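Chain by chain, the residues:
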Amino acid sequence: MPDPRPHLGEPLALDLLNTRWIENGPQDLLTDVAGLGIWLTSAGLAERAKADEPTRQAVLTARTAIYDVLKHTSHTALNEVLDLGRIRRTLTDTGPADIVDVPEATWLPGWLAADNLLRLLAEAPDRIRQCAHPDCVLFFYDTSKNGTRRWHSMATCGNRTKAARHYAKRV
């Protein structure tokens, strides 16, 4: 089954947050194991993680922790997820390597998303945004040149906002 979400292609942490969206009411891709399988495939993690109930619960925990950091500046839950794994640095025949070490396989996808959030926060925390449309809950990483992007998609939320503003002026 194809990924039904309206916005794909964000960094892993934000992509995980975007498993919840509004379309004819609230939607959540992770309500069951089948949805987890869709997300794992879409995120490129299907070969590394099993779509089962323990993994789904771990991913939900990571999603909540990431959301808490971005919306409530609470990092306790994120640190608890990060405590479940580590990056092991090593030197190989081809040079230095960072090896992800998450002993409990069920935590790998959630841990990778939490680790990705740390990278985004280190690079440009001000570029992590939630769509400015009042009825949208999606997140995006602003890669625009001047860093002023406001909507997850100009084609959907941007146009709706501009159309509403235009209509309000005419009435």
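Residues numbered from 1 in each chain as written. Predicted model: local features only at pLDDT ≥ 70, side-chain atom pairs only at ≥ 80, totals over all residues. Heavy atoms only, no water.

What follows covers the overall build of the protein. Secondary structure summary: the protein contains 6 helices and 6 strands in total. The N-to-C order of helical and strand elements in the protein reads α-β-β-α-α-α-β-β-α-β-β-α. When each of the 171 residues of the protein is scored for burial, the buried share is 40%. Surface summary for the protein: the accessible area is close to 9800 Å², and the carbon and sulfur share equals 52%. (Helix = DSSP H or I, 4+ residues; strand = E, 2+ residues; numbered from the N terminus. Buried < 20%, exposed > 50% of the residue type's maximum accessible area, 1.4 Å probe, protein only. Areas by Shrake-Rupley, 256 points an atom, 1.4 Å probe, with all protein chains shown as cover.)

What follows concerns the nonpolar core. Ranked by internal contacts, the top residues of the largest apolar core, which has 42 residues, are Leu-14, Leu-16, Leu-30, Trp-39, Ile-66, Leu-78 and Leu-117. Taken together, the elements giving at least two residues each to this core come down to α1 (12-17), α2 (33-42), α3 (53-72), α4 (76-82), α5 (108-123) and β6 (139-141). Not counting the four nearest positions on each side in its chain, Leu-78 is found in contact with Ala-65, Ile-66, Val-69, Ala-114, Leu-117 and Leu-118. (Core = buried A, V, L, I, M, F, W, Y, C linked by side-chain atoms within 4.5 Å. Contact = heavy atoms within 4.5 Å.)

On to the pairing of strand β3 (residues 86-92), then. Two strands pair when backbone bridges link them, and β3 and strand β4 (residues 95-101) are joined in this way by 7 bridges, in the antiparallel orientation. Note that in β4 the partner of Thr-90 across the bridge is Ala-97. (Pairing = 2+ DSSP bridges.)

Below, the discussion takes up the side chain of His-133. With respect to the secondary-structure elements, His-133 resides in the loop between β5 (128-130) and β6. Separated by 3.0 Å, the side chain of His-133 and the backbone nitrogen of Asp-135 make a polar contact. (Polar contact = N/O pair within 3.5 Å; in protein donor to acceptor, adjacent residues only side chain to side chain.)

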